[in-house]
Amino acid sequence: MTKKIGLYTGTFDTVTNGHLDIIYRAAKLFDILYVGIFNNDKKNPLFSTIERKVMLENLLLEFDHVRVIVHESDLTVKVAEGLQVTSLVRSVRNAQDLAYESEMVYFNQQMSGMETVILLADPNLQYINSTRIKELARFGVDISKWVPSLVIKELERKIEEI
């Protein structure tokens, strides 16, 4: 029987409880789950890809079948093919995300034949996004209900450096 291998990609700058919820749920669906940190300069990342990788690896220590990878520049489907991924994993928080992801599902399917599994965000987490978290952290807001303590420590460290 063929192993089910998933790839969930994102910028993960910063990692939120919403990201972790999707990863935990996707980890139950696959024999191997790759969490791919893909570089997106349009998002003006606060953390380097290596810093994000280390954070995610530390947050996912309980999973021996989840592997964090970094990829600087290539199409997701090309990276997935190289990893022998059987399904891409995406998450949707709202109608805007759904419209964007629907288009990506179409093109990824057309280019590779690869299926995409879309997981809906937990309603309690659907409004969390990394940009908002970074903004709130810069203003000293308690963000502990939206991100793990490790992320808070790293954000505080980064903000002090700025």
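Refer to the structure printed above.
The rules we used
- Counting restarts for each chain: residues are numbered from 1 in the order of the written sequence.
- Local features are withheld for residues below a pLDDT of 70 in this predicted model, meaning they are given only at 70 or higher, and side-chain atom pairs are given and counted only at 80 or more; totals for whole chains, interfaces and linings count all residues.
- Calculation of side-chain values draws on the structure's entire complement of heavy atoms; hydrogens and water are dropped beforehand.
- For two strands to be treated as a pair, DSSP must find at least two bridges joining them.
- Only DSSP runs of H or I with at least four residues qualify as helices, and only runs of E with at least two residues qualify as strands; both kinds are numbered from the N terminus onward.
- The axes used here are C-alpha line fits, helices contributing only the stretch in contact, and every angle between their N-to-C directions lies in the interval 0 to 180 degrees.
- Here, two residues are considered to be in contact whenever any of their heavy atoms come within 4.5 Å of each other.
- The term nonpolar core refers to a set of buried residues drawn from Ala, Val, Leu, Ile, Met, Phe, Trp, Tyr and Cys, joined through side-chain atoms within 4.5 Å.
- Relative accessible area decides the class of each residue, using a 1.4 Å probe on protein chains only: under 20% of the type maximum gives buried, over 50% gives exposed, and in between gives partly exposed.

A. Examining the sheet that holds strand β4 (residues 87-92) more closely. Strand order in the open sheet formed by five strands is β3-β2-β1-β4-β5, and the pairing between neighbours is parallel. Two strands lie at the open edges of the sheet, namely β3 (66-71) and β5 (115-120), each paired on one side alone. The average angle at which neighbouring strand axes cross in this sheet is 30°, direction not considered. Packing against the sheet, helix α1 (residues 17-27) makes contact with β1 (5-10), β2 (32-38), β3, β4 and β5, and its axis sits at approximately 125° to β5. Along the sheet, helix α4 (residues 95-112) contacts β4 and β5; its crossing angle with β4, the most-contacted strand, is approximately 170°.

B. Spotlight on the nonpolar core. In terms of nonpolar packing, the biggest core is built from 32 residues, with I23, L33, V35, L56 and L60 touching the most fellow members. With five residues, α1 is the largest single contributor of residues to this core. Ignoring sequence-local partners within four residues, the contact set of I23 consists of Y8, F12, L33, V35, L56 and L60. One finds L7, I32, V77 and V79 within the second-largest nonpolar core, a separate group that totals 12 residues.

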